[in-house]
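This is what each chain is made of:
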Amino acid sequence: MQCNFVGEIMKRFEQKSFCLIAMKSIQVLGLGFERLLKEHYIDLKDRPFFASLVKSMQSGLGVSMVWKGLKVMKTGRVMLRGTKPMDSKPRTIHGDFCIQVGRNIIHGSNSVKRAEKEIGL
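## Structural notes on the overall build of the chain
Here is step 1: Secondary structure summary: the chain contains 6 helices and 2 strands in total.
Here is step 2: Ordered by position from N to C terminus, the α and β elements of the chain give α-β-α-α-β-α-α-α.
Here is step 3: Compactness check: the chain gives a C-alpha radius of gyration of 14 Å against a globular reference of 14 Å for 121 residues, within 12% of the reference.
Here is step 4: Going through the 121 residues of the chain one by one, you find that 31% of them count as buried.
Here is step 5: Sequence-distant contacts in the chain: of pairs separated by 6 or more residues, those separated by 24 or more amount to 69%.
Here is step 6: A total of about 8200 Å² of accessible surface is found on the chain, and carbon and sulfur atoms cover 56% of it.

This is the structure in structure tokens:
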């Protein structure tokens, strides 16, 4: 939320005719949220940027959203496209708004099972 891209990101999902069914703004500070973030990004725990990702995610407000619609997960992943900012194509969320690995601007679940777990968190 530090760069005020929430509205633009929401607009992109709405333009694809997806419906926002849940949204929560959270202050992700403190030890409890550190544990939550480590659980949320557990699949990245062995990556060199894991610690900086968790730290940057604790730097302020976060917004969690749940979207629904036809092929929302597959289409959403295409809209995000890539995690390395310099390799991400223009007109993707990472390509347009992200500048540094480890300073995650958006996360998209990669499976229904994973989404259910993340929504639970």
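## Quick look at helix α1 (residues 6-15)
An α-helical turn contains 3.6 residues, so a residue and the one three or four places further along point in the same direction.
Here is step 1: All of the buried residues along α1 are Ile9, Met10, Arg12 and Phe13. Across the axial projection of α1, the buried residues extend over an arc of 155°, all falling on one side.
Here is step 2: Each element contacted by the buried residues of α1 is listed here: β1 (19-27), β2 (61-68), α4 (72-80) and α5 (93-97).
Here is step 3: Serine 17 occupies a position one or two residues after α1 and carries a positive phi of about 70°.

## Quick look at the pattern of salt bridges
Here is step 1: Within this structure, the stated rule accounts for 7 salt bridges.
Here is step 2: Its salt-bridge partner being lysine 45, residue aspartate 46 comes within 3.5 Å of it at the nearest N-O pair.
Here is step 3: Classification of lysine 45 as partly exposed rests on a relative accessible area of 45%.
Here is step 4: Of the charged contacts in the structure, one is a salt bridge between glutamate 118 and arginine 114, with a shortest N-O distance of 2.9 Å. Taken as a pair, glutamate 118 and arginine 114 lie in helix α6 (residues 112-120) at a separation of 4 residues, close to a single helical turn.
Here is step 5: Looking at glutamate 118, the relative accessible area reads 10%, which means it is buried.
Here is step 6: Three or more residues joined by partner-sharing salt bridges are found here, namely Glu8, Arg12 and Asp96.

## Here we look at the packing of aromatic side chains
Here is step 1: Within this structure, the stated rule accounts for 3 aromatic pairs.
Here is step 2: Ring geometry for phenylalanine 5 versus phenylalanine 97: centroids 4.4 Å apart, planes at 35°, classification tilted. Of the two residues, phenylalanine 5 sits in the segment before α1 while phenylalanine 97 sits in helix α5, which places them 92 residues apart along the sequence.
Here is step 3: The exposure class of phenylalanine 97 is buried, given its relative accessible area of 16%.
Here is step 4: For the pair phenylalanine 13 and tryptophan 67, a centre-to-centre distance of 5.2 Å together with 20° between the ring planes defines the contact as stacked. Taken together, the residues span a long stretch of sequence, with phenylalanine 13 in helix α1 and tryptophan 67 in strand β2 at a distance of 54 residues. Taken as a pair, phenylalanine 13 and tryptophan 67 share a single burial class, namely buried.
Here is step 5: Through a chain of ring-to-ring contacts, three or more aromatic side chains come together here, namely Phe13, Phe18 and Trp67.

Calculation rules
- Residues numbered from 1 in each chain as written.
- Predicted model: local features only at pLDDT ≥ 70, side-chain atom pairs only at ≥ 80, totals over all residues.
- Heavy atoms only, no water.
- Helix = DSSP H or I, 4+ residues; strand = E, 2+ residues; numbered from the N terminus.
- Rg over C-alpha atoms; globule rule 2.2 N^0.38 Å.
- Buried < 20%, exposed > 50% of the residue type's maximum accessible area, 1.4 Å probe, protein only.
- Contact = heavy atoms within 4.5 Å.
- Areas by Shrake-Rupley, 256 points an atom, 1.4 Å probe, with all protein chains shown as cover.
- Arc of directions from axis to C-beta.
- Salt bridge = Lys/Arg side-chain N within 4 Å of Asp/Glu carboxyl O.
- Phe/Tyr/Trp six-rings, centres within 6.5 Å; stacked < 30°, edge-to-face > 60°.

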